[in-house]
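# Examination of the molecular architecture
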Amino acid sequence: MRSRTIGVSVLTTTALFGLTTACAPVGGSKAADIGRAARAAAPASAGATPPPAAKGKGAGKGTGMLADLSGAEILSQAHEAMRKVESARVVAKMHEEGSPVEFDLILDKKGSCKGAVRYDGMGKVDLIKSTDLIHFKGDADYWRSTAAKEHAPKKQAEAMVTMLADRWLKMPVSDAKASAMKHLCDMDKLTDGGGRPNPLARKGETVTIDGKQALAVVTAAKNGTETDYIATQGTPYVLKSTVSGDETGEILFSDFGTPVDTALPEGADVLDLSKLGDGGPAETV
């Protein structure tokens, strides 16, 4: 399952800052037209087909299901199980350029997702993405950081915070500015595993993760070591993956097959960016 964990934080920051930059009142310039009128969000599919249980000697006998397999064989089965997952919850703690980034998302293969992203010293963003729409809500710290990144004058930055902090913004997925968000909600990138398992992968100890038994499998990662913890009972999902060394990170998977609820909270205050014309938030303050 190598090459997955390290890349997650890069997708996160790039996607969200790329999306919110259009709302920053930089130098008094106009934001580009957001595009066609937003449509009602389509609900995520309520059905999810679970992948088959692991094959091999001892299948279905608890820890013994994997005990007789090599590390590479275990990762191969885990790779196949994760490839077939239709939806899951992903909780990650990463470091990007030395700064912690955390996120907690439920997402599916249709590109829908819901959850939150937190940046160390840079605030929090809530996100709800359906197949048609993106809704996102940043707190005051997040919008101040976005304004600072775009070198907005102080007066404009504070006006933007007053207008946008803790308020839902809506835009269609079809808009060009939303393209980066597709990567953040791309489940395949988080579960694919980055290719064929390393033949040098080595089995480690059996541990308990969120009440489930899991067998550790260790492989060499770039400038460090990656450890994947594979469920030993039922389908051999990856329950946890960690990277240690020059780069560190942790990602946990759970709630396999859980549908993504893309409904907004009742009574949510929503700003429709598509109705701001050629102006954008900077011209409405």
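This text follows the structure it describes.
The sections below set out a description of the structure shown in this document. (Residues numbered from 1 in each chain as written. Predicted model: local features only at pLDDT ≥ 70, side-chain atom pairs only at ≥ 80, totals over all residues. Heavy atoms only, no water.)

## Thoughts on the overall build of the protein chain
Tallying secondary structure elements over the protein chain gives eight helices and 12 strands in all. For the protein chain, the residues scored as buried account for 45% of the 285 residues in total. Residue pairs at least 24 apart in sequence account for 63% of intrachain contacts in the protein chain once pairs closer than 6 positions are excluded. With an accessible surface of roughly 13200 Å², the protein chain has 49% of that area assigned to carbon and sulfur atoms. (Helix = DSSP H or I, 4+ residues; strand = E, 2+ residues; numbered from the N terminus. Buried < 20%, exposed > 50% of the residue type's maximum accessible area, 1.4 Å probe, protein only. Contact = heavy atoms within 4.5 Å. Areas by Shrake-Rupley, 256 points an atom, 1.4 Å probe, with all protein chains shown as cover.)

## As for the packing of aromatic side chains
By the definition in use, this model includes four aromatic pairs. Both rings, one in F136 and one in W143, keep their centres 6.5 Å apart while their planes meet at 35 degrees; by these two values the pair is tilted. Of the two residues, F136 and W143, neither departs from the other in class, the shared state being buried. Taking the centre distance of 3.9 Å and the plane angle of 15 degrees together, the rings of Y237 and F256 count as stacked. Taken together, the residues Y237 in the loop between β9 (224-231) and β10 (238-245) and F256 in the loop between β11 (249-254) and β12 (270-272) connect sequence positions 19 residues apart. Classification of Y237 by relative accessible area gives buried; the value is 12%. Here F256 falls in the partly exposed class, since its relative accessible area comes to 22%. Ring pairs connect the aromatic residues Y119, F136, Y142 and W143, which therefore count as one cluster. (Phe/Tyr/Trp six-rings, centres within 6.5 Å; stacked < 30°, edge-to-face > 60°.)

## Remarks on the environment of L164
Checked against the element boundaries, L164 lands in helix α5 (residues 154-164). As a C-alpha pair, L164 and W143 span 21 residues in sequence and 7.5 Å in three-dimensional space.

## Remarks on the environment of G115
With respect to the helices and strands, the residue G115 is situated in strand β3 (residues 113-119). A sequence separation of 24 residues divides G115 from V91, and the C-alpha atoms of the two residues are 9.6 Å apart. When residues no more than four places from it in sequence are discounted, the contact partners of G115 are D104, L105, V125, D126 and L127.

## Quick look at the pairing of strand β7 (residues 202-209)
Note: β7 against strand β8 (residues 212-221), six bridges, orientation antiparallel. If you follow K203 over to β8, its bridge partner there is V217. The turn linking β7 back onto β8 is made up of two residues, and D210 within it adopts a positive phi angle of 50 degrees. (Pairing = 2+ DSSP bridges.)

Honestly, it's all geometry; don't read function into it.
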